[in-house]
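Structural overview
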Amino acid sequence: MGEKKVGASDYLALGLYAFAGFGLEVVLSMLLPSILGVESSEYTLIHHCIHWVLTCILWGSMALFLIRLSRKKYSFDIMKLNEAPDSKGWFLAALISVIAIAATTIVWGGFKPVEEYKGIVRFIFQNIYYLFEAALILLTIAFGQKIGDTLIKKGGLPYGGIFLALTWGLIHILLQGGQTGVYAFFMSILYGLVYILLKKNIRYSYMMTAIIFIL
(Lines give C-alpha, C1' and ligand atoms only; values in the text may rest on other atoms or scores of the structure.)
Protein backbone atom coordinates (compact mmCIF):
# COMPACT_ATOMS: atom_id res chain seq x y z
CA MET A 1 0.00 0.00 0.00
CA GLY A 2 1.20 3.51 -0.81
CA GLU A 3 1.66 6.25 1.69
CA LYS A 4 -1.42 8.17 2.73
CA LYS A 5 -1.70 11.42 0.82
CA VAL A 6 -1.54 14.49 3.02
CA GLY A 7 -4.73 16.52 2.65
CA ALA A 8 -6.46 19.60 3.96
CA SER A 9 -7.87 17.66 6.92
CA ASP A 10 -4.33 16.94 8.13
CA TYR A 11 -3.42 20.62 8.05
CA LEU A 12 -6.74 21.43 9.72
CA ALA A 13 -5.78 19.12 12.57
CA LEU A 14 -2.39 20.83 12.89
CA GLY A 15 -4.03 24.25 12.84
CA LEU A 16 -6.50 23.24 15.53
CA TYR A 17 -3.67 21.82 17.64
CA ALA A 18 -1.86 25.16 17.33
CA PHE A 19 -5.03 26.99 18.33
CA ALA A 20 -5.51 24.59 21.25
CA GLY A 21 -2.04 25.62 22.39
CA PHE A 22 -3.45 29.00 23.39
CA GLY A 23 -5.85 27.15 25.68
CA LEU A 24 -2.96 25.82 27.73
CA GLU A 25 -2.74 29.24 29.35
CA VAL A 26 -6.41 29.05 30.29
CA VAL A 27 -5.81 25.72 32.04
CA LEU A 28 -2.74 27.15 33.76
CA SER A 29 -4.73 30.19 34.88
CA MET A 30 -7.28 27.89 36.50
CA LEU A 31 -4.68 25.79 38.32
CA LEU A 32 -2.01 28.31 39.28
CA PRO A 33 -3.96 30.27 41.95
CA SER A 34 -4.44 27.05 43.93
CA ILE A 35 -0.78 26.15 43.54
CA LEU A 36 0.45 29.62 44.52
CA GLY A 37 -2.17 30.04 47.23
CA VAL A 38 -3.32 33.44 46.00
CA GLU A 39 -6.17 34.63 43.80
CA SER A 40 -5.18 35.88 40.34
CA SER A 41 -6.68 39.30 41.16
CA GLU A 42 -4.13 39.59 43.98
CA TYR A 43 -1.06 38.56 41.99
CA THR A 44 2.14 40.41 42.77
CA LEU A 45 4.89 40.95 40.21
CA ILE A 46 6.54 37.63 41.07
CA HIS A 47 3.25 35.79 40.60
CA HIS A 48 2.74 37.37 37.19
CA CYS A 49 6.29 36.46 36.20
CA ILE A 50 5.74 32.85 37.26
CA HIS A 51 2.55 32.76 35.18
CA TRP A 52 4.33 34.16 32.12
CA VAL A 53 7.34 31.83 32.44
CA LEU A 54 5.16 28.72 32.79
CA THR A 55 2.98 29.84 29.89
CA CYS A 56 6.07 30.33 27.73
CA ILE A 57 7.23 26.82 28.58
CA LEU A 58 3.85 25.37 27.62
CA TRP A 59 3.56 27.39 24.41
CA GLY A 60 7.18 26.73 23.44
CA SER A 61 6.74 22.99 24.00
CA MET A 62 3.58 22.96 21.89
CA ALA A 63 5.27 24.93 19.11
CA LEU A 64 8.26 22.57 18.99
CA PHE A 65 5.96 19.54 19.04
CA LEU A 66 3.91 20.84 16.10
CA ILE A 67 6.98 21.87 14.08
CA ARG A 68 8.43 18.37 14.46
CA LEU A 69 5.10 16.63 13.87
CA SER A 70 4.38 18.58 10.68
CA ARG A 71 7.88 17.88 9.35
CA LYS A 72 8.04 14.16 10.18
CA LYS A 73 4.45 13.05 9.61
CA TYR A 74 3.25 15.47 6.93
CA SER A 75 6.53 16.50 5.25
CA PHE A 76 5.71 20.17 5.85
CA ASP A 77 8.84 21.81 7.19
CA ILE A 78 7.60 25.17 8.44
CA MET A 79 11.16 26.15 9.39
CA LYS A 80 12.39 25.79 5.80
CA LEU A 81 13.21 29.26 4.58
CA ASN A 82 11.37 30.17 1.41
CA GLU A 83 12.61 32.75 -1.06
CA ALA A 84 13.33 36.21 0.28
CA PRO A 85 10.50 38.73 -0.14
CA ASP A 86 10.85 41.26 -2.95
CA SER A 87 10.87 45.01 -2.38
CA LYS A 88 7.14 45.30 -3.16
CA GLY A 89 6.34 42.60 -0.62
CA TRP A 90 8.43 44.32 2.04
CA PHE A 91 6.80 47.68 1.31
CA LEU A 92 3.25 46.30 1.53
CA ALA A 93 4.08 44.27 4.65
CA ALA A 94 5.53 47.38 6.28
CA LEU A 95 2.44 49.37 5.29
CA ILE A 96 0.13 46.76 6.80
CA SER A 97 2.29 46.73 9.93
CA VAL A 98 1.88 50.48 10.30
CA ILE A 99 -1.90 50.09 9.93
CA ALA A 100 -1.91 47.30 12.53
CA ILE A 101 0.17 49.29 15.02
CA ALA A 102 -2.04 52.34 14.46
CA ALA A 103 -5.14 50.23 15.16
CA THR A 104 -3.53 48.89 18.35
CA THR A 105 -2.65 52.43 19.44
CA ILE A 106 -6.28 53.51 18.96
CA VAL A 107 -7.65 50.51 20.86
CA TRP A 108 -5.19 51.00 23.74
CA GLY A 109 -5.69 54.75 23.85
CA GLY A 110 -1.97 55.30 23.37
CA PHE A 111 1.21 53.54 22.28
CA LYS A 112 0.83 50.00 23.67
CA PRO A 113 4.33 49.54 25.19
CA VAL A 114 4.00 52.88 26.96
CA GLU A 115 0.49 52.15 28.21
CA GLU A 116 1.54 48.73 29.49
CA TYR A 117 4.80 49.82 31.11
CA LYS A 118 4.78 49.24 34.86
CA GLY A 119 8.46 48.68 35.54
CA ILE A 120 11.37 47.15 33.65
CA VAL A 121 11.10 43.62 35.10
CA ARG A 122 7.41 43.32 34.25
CA PHE A 123 8.09 44.82 30.80
CA ILE A 124 10.81 42.24 30.00
CA PHE A 125 8.86 39.19 31.16
CA GLN A 126 5.64 40.30 29.50
CA ASN A 127 7.32 40.89 26.16
CA ILE A 128 9.07 37.52 26.25
CA TYR A 129 5.59 36.09 26.81
CA TYR A 130 4.40 38.02 23.74
CA LEU A 131 7.22 36.50 21.65
CA PHE A 132 5.98 33.01 22.45
CA GLU A 133 2.38 33.96 21.72
CA ALA A 134 3.49 35.39 18.37
CA ALA A 135 5.07 32.01 17.57
CA LEU A 136 1.76 30.21 18.12
CA ILE A 137 -0.05 32.86 16.10
CA LEU A 138 2.32 32.29 13.19
CA LEU A 139 2.01 28.51 13.42
CA THR A 140 -1.78 28.79 13.33
CA ILE A 141 -1.50 31.02 10.26
CA ALA A 142 0.97 28.71 8.50
CA PHE A 143 -1.20 25.61 8.96
CA GLY A 144 -4.34 27.56 8.08
CA GLN A 145 -2.66 28.77 4.89
CA LYS A 146 -1.86 25.18 3.93
CA ILE A 147 -5.54 24.30 4.33
CA GLY A 148 -6.57 26.98 1.85
CA ASP A 149 -3.71 26.30 -0.55
CA THR A 150 -4.58 22.59 -0.58
CA LEU A 151 -8.32 23.03 -1.03
CA ILE A 152 -8.55 26.05 -3.32
CA LYS A 153 -5.11 26.10 -4.93
CA LYS A 154 -5.31 29.81 -5.59
CA GLY A 155 -2.35 31.63 -4.15
CA GLY A 156 -2.16 35.11 -2.75
CA LEU A 157 -5.16 34.95 -0.45
CA PRO A 158 -4.66 35.06 3.36
CA TYR A 159 -6.28 31.74 4.21
CA GLY A 160 -4.07 31.53 7.29
CA GLY A 161 -5.26 34.91 8.52
CA ILE A 162 -8.87 33.90 7.96
CA PHE A 163 -8.28 30.66 9.88
CA LEU A 164 -6.66 32.59 12.74
CA ALA A 165 -9.61 35.00 12.77
CA LEU A 166 -12.11 32.12 12.99
CA THR A 167 -10.22 30.53 15.89
CA TRP A 168 -8.05 32.91 17.91
CA GLY A 169 -10.12 35.93 16.88
CA LEU A 170 -13.47 34.29 17.54
CA ILE A 171 -12.47 33.09 20.99
CA HIS A 172 -11.63 36.70 21.91
CA ILE A 173 -15.19 37.64 21.04
CA LEU A 174 -16.54 34.88 23.28
CA LEU A 175 -14.19 35.52 26.21
CA GLN A 176 -13.48 39.25 26.10
CA GLY A 177 -16.45 40.80 24.36
CA GLY A 178 -17.28 42.32 21.01
CA GLN A 179 -14.81 45.20 20.80
CA THR A 180 -11.75 43.14 21.74
CA GLY A 181 -12.96 40.29 19.56
CA VAL A 182 -13.45 42.46 16.49
CA TYR A 183 -9.99 43.93 17.03
CA ALA A 184 -8.46 40.42 17.28
CA PHE A 185 -10.41 39.35 14.19
CA PHE A 186 -9.12 42.35 12.23
CA MET A 187 -5.53 41.84 13.39
CA SER A 188 -5.68 38.16 12.42
CA ILE A 189 -6.33 39.07 8.80
CA LEU A 190 -3.46 41.55 8.85
CA TYR A 191 -1.07 38.93 10.28
CA GLY A 192 -2.15 36.58 7.51
CA LEU A 193 -1.51 39.20 4.85
CA VAL A 194 1.98 39.85 6.21
CA TYR A 195 2.72 36.11 6.03
CA ILE A 196 1.67 36.02 2.36
CA LEU A 197 3.48 39.23 1.39
CA LEU A 198 6.72 37.98 2.96
CA LYS A 199 6.56 34.83 0.79
CA LYS A 200 5.68 32.59 3.77
CA ASN A 201 9.27 32.99 4.91
CA ILE A 202 9.12 31.99 8.56
CA ARG A 203 12.08 34.12 9.64
CA TYR A 204 10.79 37.41 8.29
CA SER A 205 7.14 36.61 9.01
CA TYR A 206 7.88 35.86 12.64
CA MET A 207 9.97 38.99 13.04
CA MET A 208 7.20 41.18 11.61
CA THR A 209 4.41 39.39 13.49
CA ALA A 210 6.26 39.76 16.79
CA ILE A 211 6.92 43.46 16.19
CA ILE A 212 3.25 44.12 15.38
CA PHE A 213 2.06 42.07 18.36
CA ILE A 214 4.36 43.82 20.83
CA LEU A 215 3.72 47.32 19.48
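A brief structural summary. These figures come from a predicted structure and were not determined experimentally. (Residues numbered from 1 in each chain as written. Predicted model: local features only at pLDDT ≥ 70, side-chain atom pairs only at ≥ 80, totals over all residues. Heavy atoms only, no water.)

Regarding the overall build of the protein
Looking only at helices and strands, the protein has eight helices and zero strands in total. N-terminal to C-terminal, the α/β element order of the protein is α-α-α-α-α-α-α-α. Its C-alpha radius of gyration of 18 Å places the protein within 12% of the 17 Å reference for a compact globule of 215 residues. When its C-alpha atoms are laid out on the principal axes, the protein stretches across 55 × 45 × 30 Å. Counting all 215 residues of the protein, 44% fall into the buried class. At a minimum sequence separation of 6, the contacts of the protein that also span at least 24 residues come to 73%. (Helix = DSSP H or I, 4+ residues; strand = E, 2+ residues; numbered from the N terminus. Rg over C-alpha atoms; globule rule 2.2 N^0.38 Å. Buried < 20%, exposed > 50% of the residue type's maximum accessible area, 1.4 Å probe, protein only. Contact = heavy atoms within 4.5 Å.)

Remarks on helix H1 (residues 8-36)
Structurally, the α-helix is built with 3.6 residues per turn, so residues lying three or four positions apart point the same way. Over its 29 residues, H1 extends 42 Å from the first C-alpha to the last, a length consistent with the 42 Å expected when each residue adds 1.5 Å. Along H1, the helix axis deviates most sharply at Met 30, where the bend reaches about 30°; the proline Pro 33 sits within four residues downstream. What H1 keeps buried is the set Ala 8, Asp 10, Tyr 11, Leu 14, Gly 15, Ala 18, Gly 21, Phe 22, Glu 25, Leu 28, Leu 32 and Pro 33. Where H1 terminates, the next one or two residues include Gly 37, which has phi positive at roughly 75°. (Expected span 1.5 Å × (residues − 1). Bend = angle between axes of the 7 residues up to and from the residue.)

A word on the nonpolar core
Judged by nonpolar contacts, the single largest core of 44 residues is most densely connected at Ile 78, Ile 137, Leu 139, Phe 143, Trp 168, Tyr 191 and Ile 212. Only H1, helix H2 (45-74), helix H3 (87-108), helix H5 (120-151), helix H6 (159-176), helix H7 (178-197) and helix H8 (202-214) provide two or more residues apiece to this core. Broken down by element, the residue count for this core peaks at ten residues, all from H5. Setting aside anything within four residues of it in sequence, one finds Tyr 191 in contact with Ile 137, Ile 141, Leu 164, Trp 168, Thr 209, Ile 212 and Phe 213. (Core = buried A, V, L, I, M, F, W, Y, C linked by side-chain atoms within 4.5 Å.)

Some remarks on the layout of surface pockets
Where empty space is left can be seen by rolling a probe of water-molecule size over the atoms. Of the pockets and cavities examined, the largest pocket occupies roughly 860 Å³. Of all elements in the fold, only H1, H2, H3, helix H4 (112-116), H5, H6, H7 and H8 reach the threshold of two or more residues within the lining of the largest pocket. It is H1 that provides the largest number of residues to the lining of the largest pocket, a total of seven residues. In terms of residue class, the lining of the largest pocket is made up of 19 nonpolar, seven polar and four charged. (1 Å grid on protein atoms, 1.4 Å probe; cavity = no way out; pocket = protein on both sides within 12 Å on 5 of 7 lines; lining within 4 Å. Points joined across faces, edges and corners; volume = space filled by probe spheres on them. Nonpolar A, V, L, I, M, F, W, Y, C, P; charged D, E, K, R; others polar.)

Comments concerning the packing of aromatic side chains
Enumeration according to the criterion identifies twelve aromatic pairs in this entry. Taking the centre distance of 5.2 Å and the plane angle of 75° together, the rings of Trp 90 and Tyr 204 count as edge-to-face. Taken as a pair, Trp 90 in helix H3 and Tyr 204 in helix H8 lie far apart in primary sequence, 114 residues in all. Residue classification places Trp 90 among the partly exposed residues on the basis of a relative accessible area of 28%. Residue class for Tyr 204 comes out partly exposed when judged on its relative accessible area of 24%. (Phe/Tyr/Trp six-rings, centres within 6.5 Å; stacked < 30°, edge-to-face > 60°.)

Focus: the environment of Leu 32
Within the element layout of this structure, Leu 32 appears in helix H1. A C-alpha to C-alpha distance of 9.2 Å links Leu 32 and His 47, two positions 15 residues apart in sequence. In contact with Leu 32, not counting residues within four places along its chain, are Tyr 43, Ile 50, His 51 and Leu 54.

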